[in-house]
Amino acid sequence: MSPPIRGVPLDGSPGVARIVDEHETARAGEPVYVRAMGPFQFLPETWQRWGVDANGDGVTDPDNIDDAALTAARYLCASGGVLTTAEGWQQALLTYNQSTTYMNTVRRHAAAYSVGRKA
């Protein structure tokens, strides 16, 4: 993706989690807040654990749509248990983003996509 997609600084402002990047904060001498990365908006820590090189270019890149999509699939499958059940699918989505509004939006778009319609 060019330019890279970055989320808002997770600085604890209203409606936003507070997550400090300890390494960058130590280097900068002042708080540096984590930002979600790429088209699937992974937190750096999540990307480090689950990131995968899906396109075989030797780089695990959160800004590469292939890498990000396969990483999201790996993360959701591991987080939700049995994704063929409504409970497993819901658990996976809420692990990805702890928002019922988000979960309902994803479910609506997925259902529309499954029948070839726009949500």
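Student: Sorry if this is basic, but what is going on with the pattern of salt bridges here?
Tutor: In the structure shown here, the tally under the stated rule is 2 salt bridges. Between D63 and R6 there is a salt bridge, and its shortest N-O distance comes to 2.8 Å. With D63 in the loop between α2 (44-50) and α3 (65-80) and R6 in the segment before α1 (22-28), this residue pair connects regions lying 57 residues apart in the sequence. We note a salt bridge from R27 to E24, for which the minimum N-O separation is 2.9 Å.

Student: Looking at this structure, how should I read helix α4 (residues 86-96)?
Tutor: For the α-helix, the turn length of 3.6 residues means that residues three or four positions removed from each other point alike. All buried positions along α4 are accounted for by G88, A92 and L93. Buried residues of α4, seen end-on, are gathered within an arc of 130° and therefore sit on one face of the element. Facing away from the buried side of α4 by over 90 degrees, the exposed positions are A86 and E87. Structurally, α4 contributes buried residues whose contacts are with α3 and α5 (100-114).

Student: Please clarify how the packing of aromatic side chains should be interpreted in this entry.
Tutor: Within a pair of aromatic rings, the relevant descriptors are the distance that separates the centres and the angle that separates the planes. Scanning all chains against the criterion turns up 2 aromatic pairs. Centroid distance W50 to Y75: 5.8 Å. Interplanar angle 70°. Geometry classified as edge-to-face. Pair noted here: W50 is in helix α2 and Y75 is in helix α3, with a separation of 25 residues, a long-range link. By relative accessible area, which is 13% here, Y75 ends up buried.

Student: I'm lost on the confidence of the model for the protein in this one. Help?
Tutor: Any segment with low pLDDT has predicted coordinates that should not be analysed in fine detail. Taken over all residues, the pLDDT of the protein has a mean of 91, while the share at 70 or more is 100%. Put simply, α4 is where the protein has its lowest mean pLDDT, 86, and α2 is where it has its highest, 94.

Student: In this structure, what is going on with the packing of α4 against α5? I would like to understand it.
Tutor: Packed helix pairs are characterised by how far apart their axes lie and by the angle those axes make with each other. Following both chains from N to C, one finds α4 and α5 inclined at 125°, their axes separated by 9 Å at the closest point. Of the possible angle classes, the one that applies to α4 and α5 is oblique. You can see that α4 and α5 cross each other, and the crossing is right-handed. Residue-level inspection shows W89, Q90, L93, L94 and Y96 of α4 in contact with α5, the latter providing T100, Y102, M103, V106, R107 and A110.

About the criteria used
Residues numbered from 1 in each chain as written. Predicted model: local features only at pLDDT ≥ 70, side-chain atom pairs only at ≥ 80, totals over all residues. Heavy atoms only, no water. Salt bridge = Lys/Arg side-chain N within 4 Å of Asp/Glu carboxyl O. Helix = DSSP H or I, 4+ residues; strand = E, 2+ residues; numbered from the N terminus. Buried < 20%, exposed > 50% of the residue type's maximum accessible area, 1.4 Å probe, protein only. Arc of directions from axis to C-beta. Contact = heavy atoms within 4.5 Å. Phe/Tyr/Trp six-rings, centres within 6.5 Å; stacked < 30°, edge-to-face > 60°. pLDDT = per-residue confidence, 0-100. Axes fitted to C-alpha atoms, helices over the stretch in contact; angles between N-to-C directions. Parallel < 35°, antiparallel > 145°, perpendicular 65-115°, else oblique. Left-handed = near helix turned anticlockwise from the far one by under 90°.

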